[in-house]
Amino acid sequence: GIQVEQSPPDLILQEGANSTLRCNFSDSVNNLQWFHQNPWGQLINLFYIPSGTKQNGRLSATTVATERYSLLYISSSQTTDSGVYFCAVNGNQFYFGTGTSLTVIP
Amino acid sequence: DTAVSQTPKYLVTQMGNDKSIKCEQNLGHDTMYWYKQDSKKFLKIMFSYNNKELIINETVPNRFSPKSPDKAHLNLHINSLELGDSAVYFCASSQLAGELFFGEGSRLTVL
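About the cut-offs
- Residues numbered from 1 in each chain as written.
- Chains lettered and ligands numbered in written order.
- Predicted model: local features only at pLDDT ≥ 70, side-chain atom pairs only at ≥ 80, totals over all residues.
- Heavy atoms only, no water.
- Helix = DSSP H or I, 4+ residues; strand = E, 2+ residues; numbered from the N terminus.
- Rg over C-alpha atoms; globule rule 2.2 N^0.38 Å.
- Buried < 20%, exposed > 50% of the residue type's maximum accessible area, 1.4 Å probe, protein only.
- Contact = heavy atoms within 4.5 Å.
- Areas by Shrake-Rupley, 256 points an atom, 1.4 Å probe, with all protein chains shown as cover.
- Lys, Arg positive; Asp, Glu negative; His and termini not counted.
- Charge placed at Lys NZ, Arg CZ, Asp CG, Glu CD.
- Pairing = 2+ DSSP bridges.
- Salt bridge = Lys/Arg side-chain N within 4 Å of Asp/Glu carboxyl O.
- Buried area = accessible area lost by both parts, 1.4 Å probe.
- Polar contact = N/O pair within 3.5 Å; in protein donor to acceptor, adjacent residues only side chain to side chain.
- Core = buried A, V, L, I, M, F, W, Y, C linked by side-chain atoms within 4.5 Å.
- Phe/Tyr/Trp six-rings, centres within 6.5 Å; stacked < 30°, edge-to-face > 60°.

Enquirer: What should I look at first to understand the overall build of chain A in this one?
Expert: Helix and strand content of chain A: zero helices and eleven strands. Shown N-terminal to C-terminal, the secondary structure of chain A runs as helices and strands in the order β-β-β-β-β-β-β-β-β-β-β. Taking 2.2 N^0.38 as the reference for a compact globule, 106 residues should give roughly 13 Å; the C-alpha atoms of chain A span a radius of gyration of 13 Å, in line with that estimate. Over its C-alpha atoms, taken along the principal directions, chain A stretches across nearly 40 × 25 × 20 Å. Within chain A, the proportion of its 106 residues that are buried is 50%. Considering only contacts in chain A between residues 6 or more positions apart, those separated by 24 or more positions represent 54%. Surface exposure of chain A reaches about 4,900 Å², of which carbon and sulfur atoms provide 47%. Counting 4 positive and 6 negative side-chain charges, chain A places the averaged centre of each group 8 Å from the other.

Right under this line is the structure:
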């Protein structure tokens, strides 16, 4: 299967700081998604981004499919950004990374 | 309207019991999934159905049996529950390899 590696595994930020989360994958993929699992356990779709760049408010994502990585940018972080961020890629099935656990402190 | 809904959200049961979790999606997707998320947060695929046909069956004990009566529903039945089955079970759906959407999860606790 496709290996998906996310970094860093854990991140603590002061409110207002910016951060970059990375997702590397080992093979060509049909699509790539970023999810946020909030402290209540809900998995929320952030971006569906097989390639290119997308922005949604303070969040943006870039996928460089030819180099097999994607980046999630969080600007002006808020405490509500806390949770686990997962990257998932699809080859013949969906493969998930082990996540980046983000804690934003006030 | 909830796109992917699963019930119940919480189950607490004794070892050895049998339990079922139901899932329904109203997105018109052809493909549905069950994932297990353990205490370390890793999301592991268990099963995938495309238009009622089983297409992915990962290494899961035979005590777990999925059933898809139609493409909008995928249920999970678990026999003879064990302590190690305690986890959060997520249902999800997609249109083939398109965007994946998750339900809110069902937290199973086996005592």
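Still more ground to cover, so stick around.
Enquirer: How should the pairing of strand S7 (residues 59-64) of chain A be read in this particular structure?
Expert: Taken residue by residue, a regular strand's side chains alternate between the two faces of the sheet. Residue and element names in this part refer to chain A. Burial runs high along S7: five of the six residues are buried. Of the pairings in the sheet, the one linking strand S6 (residues 52-56) to S7 comprises five bridges and is antiparallel in character. Within the sheet, the bridge partner assigned to Asn 56 lies in S7 and is Leu 59. Taking the residues between adjacent antiparallel strands as the criterion, S6 and S7 are bridged by two residues, where Gly 57 takes a positive phi near 65°. When S7 meets strand S8 (residues 69-74), the two strands line up antiparallel, connected through six bridges. Each bridged residue has a counterpart across the sheet, and for Ala 61 the counterpart in S8 is Leu 72. Linking S7 back to S8 in an antiparallel pair, the connection comprises four residues, with Arg 68 at a positive phi of about 60°.

Enquirer: Mind showing me how you'd approach the pattern of salt bridges here?
Expert: Where side chains of opposite charge bring their charged atoms close, a pairing between them can arise. Inspection of the entire model under this criterion finds five salt bridges over all chains. Measuring nitrogen to oxygen at the nearest pair gives 2.8 Å for the salt bridge that ties Asp81(A) to Arg58(A). Here the residue Asp81(A) occupies a position in the loop between S8 and strand S9 (83-90), and Arg58(A) occupies one in the loop between S6 and S7, the gap between them amounting to 23 residues. Residue classification places Asp81(A) among the buried positions, given a relative accessible area of 6%. Two residues, Glu82(B) and Arg63(B), come together in a salt bridge whose shortest N-O distance is 3.4 Å. Of this pair, Glu82(B) sits in the loop between strand S8 (73-78) and strand S9 (87-94) while Arg63(B) is found in the loop between strand S6 (53-57) and strand S7 (64-70), placing the two residues 19 residues apart along the sequence. Salt bridges sharing partners connect three or more residues here, namely Arg63(B), Glu82(B) and Asp85(B).

Enquirer: Sorry, what's going on with the interface of chain A and chain B here?
Expert: By a widespread convention, an interface's size corresponds to the accessible area lost as its parts come together. Listed as interface residues are 16 residues of chain A and, on the opposing side, 19 residues of chain B. Between chain A and chain B, a total of about 1,500 Å² is buried, with carbon and sulfur atoms accounting for 61% of that surface. By the criterion of area lost to chain B, the three top residues of chain A are Leu43(A), Phe94(A) and Phe96(A), representing 36% of everything that side buries. At the surface where chain A touches chain B, the tally comes to six residue pairs in polar contact (both at pLDDT 80 or more).

Enquirer: Help me understand the nonpolar core, please; the structure alone is not making it clear to me.
Expert: Nonpolar side chains in soluble globular proteins tend to be buried together. Core analysis: the largest hydrophobic core is formed by 23 residues, its most contacted members being Val4(A), Phe25(A), Leu32(A), Trp34(A), Leu72(A) and Val89(A). Listed by contribution, the elements that provide at least two residues to this core are strand S2 (10-14), strand S3 (19-25), strand S4 (31-37), strand S5 (43-48), S7, S8, S9 and strand S11 (100-105) of chain A. In contact with Phe25(A), other than residues within four places in its own chain, are Ile2(A), Gln3(A), Val4(A), Leu32(A), Ala65(A), Arg68(A), Tyr69(A), Ser70(A) and Val89(A). Within the second largest apolar cluster, 20 residues are counted, among which are Val4(B), Cys23(B), Trp34(B) and Leu81(B).

Enquirer: Please clarify how the packing of aromatic side chains should be interpreted in this entry.
Expert: For any pair of aromatic rings, the description consists of the separation of the ring centres together with the inter-plane angle of the planes. Applying the stated criterion across every chain yields a total of ten aromatic pairs over all chains. When the centroid spacing of 5.4 Å and the interplanar angle of 75° are considered together, the rings of Phe35(A) and Phe102(B) count as edge-to-face. With Phe35(A) in strand S4 and Phe102(B) in strand S10 (residues 101-102), this residue pair bridges two chains. The exposure class assigned to Phe35(A) is buried, which follows from its relative accessible area of 0%. Aromatic pair Phe86(A) and Phe96(A): ring centres 6.5 Å apart, planes at 80°, arrangement edge-to-face. In this pair, Phe86(A) is assigned in strand S9 and Phe96(A) in strand S10 (residues 94-96), connecting sequence segments ten residues apart.

Such coordinate-based values are descriptive only and should not be taken to indicate function.
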